[in-house]
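# Secondary and tertiary structure notes
What follows is each chain in one-letter form.
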Amino acid sequence: MLTEYQSKSGSINASDEAKVYLEGSITYEAQISSLKLQIATLNQRFEANHPALTTAQQQLSQLEGERAFQRAFQESSCIRSQSGIAAT
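Let me begin by describing the structure that accompanies this report. (Residues numbered from 1 in each chain as written. Predicted model: local features only at pLDDT ≥ 70, side-chain atom pairs only at ≥ 80, totals over all residues. Heavy atoms only, no water.)

### Considerations on the overall build of the protein chain
A count of helices and strands for the protein chain gives three helices and zero strands. Element order for the protein chain, N to C, with α for helix and β for strand: α-α-α. Across the protein chain, the fraction of contacts at a sequence separation of at least 24, relative to all contacts at a separation of at least 6, is 62%. Surface accessibility of the protein chain: about 6700 Å² in total, with carbon and sulfur atoms responsible for 58%. (Helix = DSSP H or I, 4+ residues; strand = E, 2+ residues; numbered from the N terminus. Contact = heavy atoms within 4.5 Å. Areas by Shrake-Rupley, 256 points an atom, 1.4 Å probe, with all protein chains shown as cover.)

### Quick look at the pattern of salt bridges
Opposite charge on two side chains lets them pair, provided their charged atoms get close. Taken as a whole and judged by the stated rule, the model has two salt bridges. Across the pair Arg71 and Glu29 runs a salt bridge whose closest N-O atoms are separated by 3.2 Å. One end of the pair, Arg71, is in helix H3 (residues 51-87); the other, Glu29, is in helix H2 (residues 14-45), with 42 residues separating them in the sequence. What makes Arg71 partly exposed here is its relative accessible area of 36%. One network of salt bridges, in which partners are shared, links Glu29, Arg67 and Arg71. (Salt bridge = Lys/Arg side-chain N within 4 Å of Asp/Glu carboxyl O. Buried < 20%, exposed > 50% of the residue type's maximum accessible area, 1.4 Å probe, protein only.)

### Here we look at the environment of Arg67
In this fold, Arg67 is placed in helix H3. Residue classification places Arg67 among the buried residues on the basis of a relative accessible area of 18%. On a C-alpha basis, the gap between Arg67 and Glu29 in space is 8.3 Å, while along the polypeptide they are 38 residues apart. In contact with Arg67, other than residues within four places in its own chain, are Tyr28, Glu29 and Ile32.

### Things to note about the nonpolar core
If you look at the biggest cluster of nonpolar residues, it comprises nine residues: Tyr28, Ile32, Leu35, Ile39, Leu42, Leu53, Ala56, Leu60 and Leu63. Only H2 and H3 provide two or more residues apiece to this core. Per-element accounting of this core gives the leading share, five residues, to H2. Excluding residues within four positions of it along the chain, Leu63 makes contact with Tyr28, Gln31, Ile32 and Leu35. (Core = buried A, V, L, I, M, F, W, Y, C linked by side-chain atoms within 4.5 Å.)

Below, the structure is given as structure tokens:
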């Protein structure tokens, strides 16, 4: 019955939604880890104001912001899903 409703409404089931979220989280974590390693390497080679180091730090800040946005969006989606389930 739920699967039929999800099909008609175009929504995905909770396990698919969790899988998409997890895959996105893993991607962000891998990119963030890679940039942190790159920044550590650049810190050993250059002064703090070197353009390569500044660029990598900006990229890290952007990725961390995107990850935070994704988490907030996922949490709000989860809350909406739970309230929708509770209402039925």
